[in-house]
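For reference, the chains in residue letters:
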Amino acid sequence: MKYEIDKELLVELNGDRQNIRIRAAQKGLPVLLFIHGGPGVCNRHSVMGDLSGLADTFTMVCWDQRLSGKSYRKLNKGETICVDDYVNDARALTEYLRAEFGGDIYVAGHSWGSIIGLLLITRYPDGIKAYIGQGQFVNGTLNEKLSYEFCLAEAKKAGDKKALKKLAGGAPVAGQYPTQKAMMTQRDYLTRFGGADYNHRCGMIKSLLIPLLKSPEYSLADIAKYAKGGMYLSRVLWPEVVSYEFDKTVTEVSVPVIITQGRYDYNTPSELAKQWFDNLKAPYKRWIWFENSAHGPMREEPDLWVETVKKEAERLNGQN
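This one's a predicted model, so the numbers in the text were calculated from it and none came from an experiment. (Residues numbered from 1 in each chain as written. Predicted model: local features only at pLDDT ≥ 70, side-chain atom pairs only at ≥ 80, totals over all residues. Heavy atoms only, no water.)

(A) Seen up close, the nonpolar core. Counting 50 residues, the largest nonpolar core has Ile115, Phe246 and Trp276 as the members making the most contacts within it. In this view, Ile115 contacts Val83, Phe137, Val241, Tyr244 and Phe246; residues no more than four positions away in its chain are not counted. Counting 24 residues, the second-largest nonpolar core is a separate cluster that includes Met48, Ile132, Ala313 and Leu316. (Core = buried A, V, L, I, M, F, W, Y, C linked by side-chain atoms within 4.5 Å. Buried < 20%, exposed > 50% of the residue type's maximum accessible area, 1.4 Å probe, protein only. Contact = heavy atoms within 4.5 Å.)

See the structure below:
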C-alpha cells in the first residue's frame, strides 16, 4: 500500500515534547489514535506492521506517551508523574489531531491505555467518535488477584514445581505485589501460560524484545530508552494504576464503546471486563470476542481486528 501521509514528528503536549507516528493511504481519512499499554510499553512497531490494512480507512496515529519509548527523557529535579498527566496529554493530543486533520477521533486503548482511554472519554468526550478497547482494565485489586490465581492454577495443572516455587509468597495485596521482582515473575509466567498471548507462550522479555529488534520503527538507542521508561513507569505509576475501580466509577459514558476482547485474557481478565461492559450505559456499545487471543487481539489476530474495526466504523457512520 502506498501512503500519502507517512511521517514521525514531535508535538508539545502540556509542556512535554512527545513523539507520534502518522500513516494514511490518503489525506482526509478520520483519525484513529492508538493509546498503548504498559505503562511504557509502546506498540507502534506492531500497529504499523500488523495493522497496516487500516491505513486505507483511517489516519493511523501511534503515540509514544510521556517518558515512554521515543518520548523518554530524564525527569527534571522535583518533577513527579501521575495518571492524570497521561489523561491530560491524551486530551491535548486529540485536540491537536482534530485541528490538524479535522473531524472527530476514534480512540483505541489497550491495557494501561484502556485506563487512559476510559478516563479521557469520561472527562473529555467532545470530539471523540468512539472508544475501542482491548485488554480492558476494570478493577485493579480484582484484576491482579485473578491474574495471579490463573498463574498458580496453570502451574499446578502443568506440575511445574519451579513456577510454583517462584510464585509462592508473591501474591498481590490490593493489587500490589510485595516486590517489583514478584510482579515481573507473575507477568513472565502469565505469558508462558498463555494468559497474555494465547498462541505464543514464550517469556515476557522475549515476547517484548524480539518484535522491537525486528522492527524499523525503533533503533537500538530507542530500545534502550524504551526499557528505561517502561521499568521506571511500571514502578512509579503502579500503585495509582491498581487503585482504579471502573466497575464503580465508570458506569455511564456519552460516546460509543466497542470492546474487542481476547477470550483467554488473564492479564486484564475478560470476566471482569464483560461484567463491567454488561452494566455500562452508552449511546452505542458492542462486545466482540476474539476466540484465538488473550491480551492483545490486534497483535494475535491482526487481520480479524482490522476487519472488525472497519466494520464497526461503517456501522457507526451508518447511524448518522
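Still more ground to cover, so stick around.
(B) Focus on the side chain of Asn43. By the secondary structure assignment, Asn43 is in the loop between β3 (31-35) and α1 (44-50). We classify Asn43 as buried; its relative accessible area is 10%. (Helix = DSSP H or I, 4+ residues; strand = E, 2+ residues; numbered from the N terminus.)

(C) Summary view of unusual backbone geometry. Backbone torsion omega between Gly38 and Pro39 reads 5°, so that peptide bond is classified as cis. A positive phi is found at Asn14, a non-glycine position, where the angle reads about 55°. Relative to the elements of secondary structure, Asn14 occurs in the loop between β1 (5-13) and β2 (16-24). With a relative accessible area of 48%, Asn14 lands in the partly exposed category.

(D) Focus on the pairing of β3. Extensive coverage of β3 is indicated by the burial of 5 of its 5 residues. Examined bridge by bridge, β3 and strand β4 (residues 59-64) share 5 bridges and lie parallel to one another. Bridge pairing in β4 links Phe34 to Cys62. Taking the sense of rotation as the criterion, the β-α-β connection linking β3, α1 and β4 turns out right-handed. (Pairing = 2+ DSSP bridges. Right-handed = clockwise from strand over helix to strand, strands pointing away.)

(E) A look at the environment of Gln18. Its location among the elements puts Gln18 in strand β2. Given the relative accessible area of 0%, Gln18 is considered buried. At 2.7 Å, the side chain of Gln18 and the side chain of Trp63 are in polar contact. (Polar contact = N/O pair within 3.5 Å; in protein donor to acceptor, adjacent residues only side chain to side chain.)

(F) View of the sheet that holds β4. What the 8 strands build is an open sheet, ordered β1-β2-β4-β3-β5-β6-β7-β8; its pairing is mixed. Of all the strands in the sheet, just β1 and β8 (285-290) have a single pairing partner and so form its edges. Averaged over all adjacent pairs, the angle separating strand axes in this sheet is 20°, with direction ignored. Pairing geometry for strand β6 (residues 128-134) and strand β7 (residues 257-262), over 3 bridges, is parallel. Directly across from Tyr131, in β7, lies its bridge partner Val257. Each of β3, β5 (105-110), β6 and β7 is contacted by helix α3 (residues 112-123), which is oriented at about 150° to β6, the strand it contacts most. Strands in contact with helix α10 (residues 270-279) are β7 and β8; relative to β8, the strand with the most contacts, it is inclined by about 160°. (Axes fitted to C-alpha atoms, helices over the stretch in contact; angles between N-to-C directions.)

(G) Here's a closer look at the packing of aromatic side chains. This model, assessed by the stated rule, comprises 11 aromatic pairs. With 5.3 Å between their ring centres and 80° between their planes, Tyr86 and Trp112 make a pair best called edge-to-face. Within this pair, whereas Tyr86 is found in helix α2 (residues 83-101), its partner Trp112 is found in helix α3, the two being separated by 26 residues in sequence. Assessed through its relative accessible area of 3%, Trp112 is described here as buried. An aromatic cluster of at least three residues, connected via ring pairs, comprises Phe137, Tyr244 and Phe246. One residue, Arg23, lies across the ring of Tyr3, its end atom 4.4 Å from the ring centre. Above the ring of Tyr218, the side-chain terminus of Lys70 is found at 5.7 Å from the ring centroid. (Phe/Tyr/Trp six-rings, centres within 6.5 Å; stacked < 30°, edge-to-face > 60°. Lys NZ or Arg CZ within 6 Å of the ring centre and 35° of its normal.)

(H) A look at the packing of α2 against α3. The contact between α2 and α3 brings their axes to 9 Å, and the two run at 65°. In terms of their interaxial angle, α2 and α3 are classed as roughly perpendicular. At the point where α2 passes α3, the crossing takes the right-handed sense. Across the interface between the two elements, Val83, Asp84, Tyr86, Val87, Ala90, Arg91 and Thr94 of α2 pack against Trp112, Ile115, Ile116, Leu119, Leu120 and Arg123 of α3. (Parallel < 35°, antiparallel > 145°, perpendicular 65-115°, else oblique. Left-handed = near helix turned anticlockwise from the far one by under 90°.)

(I) Representation of a nonpolar patch on the surface in the model. On the surface, a cluster of nonpolar side chains totalling about 360 Å² of accessible area is made up of Leu209, Ile210, Leu213 and Leu220. The leading source of residues in the nonpolar patch is helix α7 (residues 204-214), at 3 residues. Take Leu220: it is sitting in helix α8 (residues 220-241). (Patch = residues over 30% accessible without salt bridge, like charges linked within 9 Å, V, L, I, M, F, W, Y side chains within 5 Å. Areas by Shrake-Rupley, 256 points an atom, 1.4 Å probe, with all protein chains shown as cover. Salt bridge = Lys/Arg side-chain N within 4 Å of Asp/Glu carboxyl O.)

(J) Fine view of the packing of α2 against α8. The geometry of α2 relative to α8 is characterised by a closest axis approach of 9 Å and an angle of 95° between their N-to-C directions. Looking at the two axes, α2 sits roughly perpendicular to α8. Of the residues in α8, those touching α2 at Val83, Asp84 and Tyr86 are Leu233, Leu237, Glu240 and Val241.

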